[in-house]
Every structure is written in C-alpha cells, then in structure tokens.
Amino acid sequence: MLHHHFHWNRARISCIVYLIIGIIQMGTVNLAKIAVTFPGRAQPASHYKRLQRLFCQFSLDLNQVARFIASLIPVLQFKLTLDRTNWKYGDVNINYLVLGVVYRGSAFPILWVALDKKGNSNTQERIALMNRFLTIFGPQMIACLFADREFIGIQWFGYLIENQIKFVIRIKKNTQISNSRGVPVSAENLFRGLPRG
C-alpha cells in the first residue's frame, strides 16, 4: 500500500516501518535509541547511519501523505475539522493550523501548515489550507467543515459560501447578528428559543 501511494522501494519502506515501530517502542524520536530496535544482525550504529541517510536523502510530499491518509478512511465525503495547535519547545513557539478528517469520533490530520508566529491564524492562511484540500480532493469530497470560535470573519465565511462548503462554526454568545427586522441583537438572544443541539 505504501509503495502504491509513494512509489518507494522496499528498503525505504522497511526503514520507515522500523522507524515508526521504534518510535512507538521507545517513546522517543531520538534516532540513536530507535536504531537499537531495528531487527537483523547489523549493529545499531549501522541502523543509525541508515536513519540519517533516510532523513538526508529524501523529502516527503505532504500532498501524497494527505491522499494516503484519505485512502484509509472509507467514506464518500469528508467531515472536516479546522483547528490550531500550539505549544512551546524551550523558547520556540510551535504553531500549526490543521485540517482533519473526522472518522469514528476522532479527527485525523490530513493537511497542516506551520505558522511562523504565535496566536491565531488569519483568513489568508485558512484559505490557503482549504485551497490545498480543494486542489487535491475537490469540493465534492467535503460534507461539512467544523471549526471553533477562532475561525470566524466576513471574508472567511464569504470564501466558504462562494466555494459551496457547508460549515458549522461556533460563535461567541455576544456576537451581533441582524434579526428579521435588521436590528443587531446578540446570538444568545436571537437563538434563546432554540433547544440545545
């Protein structure tokens, strides 16, 4: 299956498989520790050099990765999630905008982009990520997009509507929305008659 999607040779596939198994077994991404878990009679130092060559000699096409992940999810249309995750590693801020596919109650990351800043994404970054999805899979593959309150804005909503992407996005209860008479009222008051859900 990996060969079909990525066109890698057997040696590369086995190295990647052993790498993944080693990460799981050792609970680390330290290549020297992972090299010890490789099967066979070769010394860990040889396996370590093999891992180094793997990372030096080839790059991973993230669009191919997205297609591979999608091929593992047996649905006709994707329920997508848009989220942002960030953490600090020492003094370095790590901040990712992530598009996931919902399957059996979990969201599996399918496309992502590293944001070179702290804090929220902007509309252009969201649109660029969605455009990548549309280029790879097409709009017909989207059942709906789910997102949290961070992902709002007139231009962003306009983009989703223009591309006929159905969306469910939380809003703050004090968000002002025009009622049927054109008078702005808070979302909390406008929808207070609706039951939860």
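Note that the structure is a prediction, hence the values are computed from the model and not measured. (Residues numbered from 1 in each chain as written. Predicted model: local features only at pLDDT ≥ 70, side-chain atom pairs only at ≥ 80, totals over all residues. Heavy atoms only, no water.)

## What about the packing of helix H5 (residues 62-71) against helix H6 (residues 123-137)?
Piece 1. For the pair H5 and H6, the least separation of the axes is 11 Å and the interaxial angle reads 65°. The angle between the axes of H5 and H6 places the two elements in the roughly perpendicular class. Handedness of the crossing formed by H5 with H6: right-handed. Here Leu62, Asn63, Ala66, Arg67 and Ala70 of H5 lie close against H6, whose contacting residues are Arg132, Ile136 and Phe137.
Piece 2. When the residues that make up the contact of H5 with H6 are grouped by side-chain class, the tally is five nonpolar, one polar and two charged. (Axes fitted to C-alpha atoms, helices over the stretch in contact; angles between N-to-C directions. Helix = DSSP H or I, 4+ residues; strand = E, 2+ residues; numbered from the N terminus. Parallel < 35°, antiparallel > 145°, perpendicular 65-115°, else oblique. Left-handed = near helix turned anticlockwise from the far one by under 90°. Contact = heavy atoms within 4.5 Å. Nonpolar A, V, L, I, M, F, W, Y, C, P; charged D, E, K, R; others polar.)

## Structural notes on the environment of proline 39
Piece 1. Among the secondary structure elements, proline 39 is positioned in the loop between helix H3 (31-35) and helix H4 (44-57).
Piece 2. A C-alpha to C-alpha distance of 8.1 Å links proline 39 and tyrosine 18, two positions 21 residues apart in sequence.
Piece 3. Among all residues touching proline 39, those that are not within four sequence positions of it are Tyr18 and His47.

## What about the packing of aromatic side chains?
Piece 1. Inspection of the entire model under this criterion finds seven aromatic pairs.
Piece 2. Ring geometry for phenylalanine 157 and phenylalanine 167: centres 5.2 Å apart, planes at 10°, overall stacked. Placement of phenylalanine 157 in helix H7 (residues 154-162) and of phenylalanine 167 in strand S5 (residues 167-169) is noted, with a sequence separation of ten residues between them.
Piece 3. We classify phenylalanine 157 as partly exposed; its relative accessible area is 22%.
Piece 4. Since its relative accessible area comes to 29%, phenylalanine 167 is described here as partly exposed.
Piece 5. What links up through ring pairs into an aromatic cluster is the set Phe78, Phe133 and Phe137.
Piece 6. Above the face of the tryptophan 156 ring, arginine 126 is positioned so that its terminal group lies 6.0 Å from the ring centre. (Phe/Tyr/Trp six-rings, centres within 6.5 Å; stacked < 30°, edge-to-face > 60°. Buried < 20%, exposed > 50% of the residue type's maximum accessible area, 1.4 Å probe, protein only. Lys NZ or Arg CZ within 6 Å of the ring centre and 35° of its normal.)

## Description of the side chain of asparagine 179
Piece 1. On the secondary structure map, asparagine 179 appears in the loop between strand S6 (176-178) and strand S7 (184-186).
Piece 2. Among all residues touching asparagine 179, those that are not within four sequence positions of it are Val185 and Leu190.

## As for the nonpolar core
Piece 1. Phe78, Leu80, Leu82, Leu99, Phe133, Phe137 and Trp156 are the most contacted members of the largest nonpolar core, which totals 31 residues.
Piece 2. Counting residues per element, the ones that place at least two in this core are H5, strand S1 (78-89), strand S2 (92-103), strand S3 (106-114), H6, strand S4 (142-147) and H7.
Piece 3. Of all the elements, H6 adds the most residues to this core, at seven residues.
Piece 4. Setting aside anything within four residues of it in sequence, one finds tryptophan 156 in contact with Leu82, Thr123, Arg126, Ile127, Met130, Leu145, Phe151 and Ile169.
Piece 5. If you look at the next biggest cluster of nonpolar residues, it comprises ten residues, including Ile34, Ala35, Phe38 and Leu54. (Core = buried A, V, L, I, M, F, W, Y, C linked by side-chain atoms within 4.5 Å.)

## Remarks on the environment of glutamine 140
Piece 1. Note on placement: glutamine 140 falls in the loop between H6 and S4.
Piece 2. Separated by 24 residues in sequence, glutamine 140 and glutamine 164 have C-alpha atoms that sit 9.4 Å apart.
Piece 3. Among the polar contacts listed, one links the side chain of glutamine 140 to the backbone oxygen of phenylalanine 137, at a separation of 3.0 Å. (Polar contact = N/O pair within 3.5 Å; in protein donor to acceptor, adjacent residues only side chain to side chain.)

## Describing the side chain of threonine 81
Piece 1. With respect to the helices and strands, the residue threonine 81 is situated in strand S1.
Piece 2. What threonine 81 contacts, discounting residues up to four positions off in sequence, is Val98, Leu99, Gly100, Val102, Ala107, Leu145 and Phe146.

## Considering the pattern of salt bridges
Piece 1. On inspection of all chains with the given rule, the structure shows three salt bridges.
Piece 2. The closest approach of N and O atoms between arginine 84 and glutamate 150, which form a salt bridge, is 2.8 Å. On the criterion of sequence distance, the pair formed by arginine 84 in strand S1 and glutamate 150 in the loop between S4 and H7 is long-range, its members being 66 residues apart.
Piece 3. Its relative accessible area of 17% is what places arginine 84 among the buried residues.
Piece 4. With a shortest N-O distance of 3.1 Å, lysine 117 and glutamate 125 are connected by a salt bridge.
Piece 5. When its relative accessible area of 27% is taken as the criterion, lysine 117 is described as partly exposed. (Salt bridge = Lys/Arg side-chain N within 4 Å of Asp/Glu carboxyl O.)

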